[in-house]
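If you want the building blocks of each chain, they are given just below.
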Amino acid sequence: EVQLLQSGGGLAQPGGSQRLSCAVSGFTFSTYGMSWVRQAPGKGLEWVSGISGSGGITYYADSVKGRFTISRDNSKNTLYLQINSLRGEDTAVYYCARSHTSSRSRFDYWGQGTLVTVSS
Amino acid sequence: QSTLTQPPSASGTPGQRVTISCSGSSSNIGTNTVNWYQHVLGAAPRLLIYSNNQRPSGVPDRFSGSRSGTSASLAISGLQSEDEADYYCAAWDESLNGHCMFGGGTKVTVL
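A few points on the structure. Worth saying up front: this structure is predicted, and the values here are computed from it rather than measured.

## What to know about the overall build of chain A
- In terms of regular secondary structure, chain A is built from zero helices and eleven strands.
- For chain A, the C-alpha atoms occupy an extent of roughly 40 × 25 × 25 Å along the three principal directions.
- Here chain A holds 120 residues, and 52% of them are scored as buried.
- Across chain A, contacts joining residues at least 24 apart in sequence account for 52% of those joining residues at least 6 apart.
- The positive charge centre, built from 11 side chains, and the negative charge centre, built from 7, are 3 Å apart in chain A.

Structure follows, in structure tokens:
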């Protein structure tokens, strides 16, 4: 059974940092691209970042480029999102999602979501 | 990076057919396949339609998708109360270094 279990998140101050983790099981992690998608309160889904199966290729939305870093440890079957210089607009539920091999926008499995709240 | 264009809302009575449009450009829908997601508040999004018109296992056949040129659409026929949710289209965009674009989302209300 494919599972994506997220951890991290919580309350953080503006300008601070957070690291989100997504531990996966039930599939060969290194053969799948992964992404982070977020939903701010009252807003729609927003793709944040993606990474190839090997970790060699990364993609970022303009809104987070330079502040967010996506990475993965294929030996630990874990995906990460390092969020720096937090802003109020980063407050959102963050989801990790597996990209199907045929399409980088086809997310066939999702984590349960983790809330990041940026507030002083 | 903007979003794909969807109507903010759609509604219908049980049994009716509802259609949601998704408009993009040559760098996204015109080049890559479209996927649709159903999102109920408090739960993770669910893949509803992939590769423009394919349903994953477990998705009822009252959901269907299509793509033409730089636009796509999702149809729900035989609307049911449990279909009340937010629906999003998504496609990869080849501009800049490449990124995924979601539509703004359509809230479907069952009257």
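Structure shown, so let's carry the discussion forward.
## Examining the sheet that holds strand β8 (residues 78–83) of chain A
All names here are of chain A.
- Spatially, four strands are ordered β1-β3-β8-β7 in an open sheet, and the strand pairing comes out antiparallel. Strands at the two margins of the open sheet, each flanked by one partner only, are β1 (3–7) and β7 (68–73). Mean inter-strand twist for the sheet, computed between neighbouring axes without regard to direction, equals 15°.
- Sheet topology places strand β3 (residues 18–25) next to β8; six bridges connect them, and they run antiparallel. Looking at the pairing, Arg19 lines up with Gln82 of β8.

## Some points on the sheet that holds strand β6 (residues 71–76) of chain B
All names here are of chain B.
- Spatial strand order, β2-β6-β5: three strands in an open sheet with antiparallel pairing. This sheet does not close on itself; its edge strands, each paired only once, are β2 (18–23) and β5 (63–68). For this sheet the average axis-to-axis angle between neighbouring strands, irrespective of direction, equals 15°.
- The pairing of β5 with β6 spans six bridges and is antiparallel. Across the sheet, residue Arg67 finds its bridge partner in β6, namely Ala72.

## A short note on the packing of aromatic side chains
- What the rule picks out here adds up to eleven aromatic pairs over all chains.
- Ring geometry for A:Tyr95 versus A:Trp110: centroids 5.9 Å apart, planes at 85°, classification edge-to-face. Placement of the pair is A:Tyr95 in strand β9 (residues 92–99) and A:Trp110 in strand β10 (residues 107–110), with a sequence separation of 15 residues. Like A:Trp110, A:Tyr95 is buried.
- Measuring from ring centre to ring centre gives 5.8 Å for A:Phe107 and A:Trp110, while their planes differ by 80°; the resulting arrangement is edge-to-face.
- A residue is classified by how much of its surface remains accessible, and A:Trp110, at 11% relative accessible area, is buried.
- Grouping aromatic residues by their ring pairs yields a cluster made of A:Tyr95, A:Phe107, A:Trp110, B:Tyr37 and B:Phe102.
- For the cation-ring pair, A:Arg72 lies above A:Phe29, with the distance from its terminal atom to the ring centre recorded as 4.0 Å.
- The ring of A:Phe27 has A:Arg98 sitting right over it, with the charged end atom 4.7 Å from the ring centre.

## A word on the layout of surface pockets
Residues and elements named next belong to chain A.
- The volume enclosed by the second largest pocket comes to roughly 210 Å³.
- Taken together, 17 residues form the lining of the second largest pocket, with Gly33, Ile51, Ser52, Ser99 and Arg104 sitting closest to its centre.
- Those elements that place two or more of their residues in the lining of the second largest pocket are β4 (34–39) and β5 (45–51).
- Class assignment for the residues of the lining of the second largest pocket results in six nonpolar, ten polar and one charged.

Quick notes on the rules
Residues numbered from 1 in each chain as written. Chains lettered and ligands numbered in written order. Predicted model: local features only at pLDDT ≥ 70, side-chain atom pairs only at ≥ 80, totals over all residues. Heavy atoms only, no water. Helix = DSSP H or I, 4+ residues; strand = E, 2+ residues; numbered from the N terminus. Buried < 20%, exposed > 50% of the residue type's maximum accessible area, 1.4 Å probe, protein only. Contact = heavy atoms within 4.5 Å. Lys, Arg positive; Asp, Glu negative; His and termini not counted. Charge placed at Lys NZ, Arg CZ, Asp CG, Glu CD. Pairing = 2+ DSSP bridges. Axes fitted to C-alpha atoms, helices over the stretch in contact; angles between N-to-C directions. Phe/Tyr/Trp six-rings, centres within 6.5 Å; stacked < 30°, edge-to-face > 60°. Lys NZ or Arg CZ within 6 Å of the ring centre and 35° of its normal. 1 Å grid on protein atoms, 1.4 Å probe; cavity = no way out; pocket = protein on both sides within 12 Å on 5 of 7 lines; lining within 4 Å. Points joined across faces, edges and corners; volume = space filled by probe spheres on them. Nonpolar A, V, L, I, M, F, W, Y, C, P; charged D, E, K, R; others polar.

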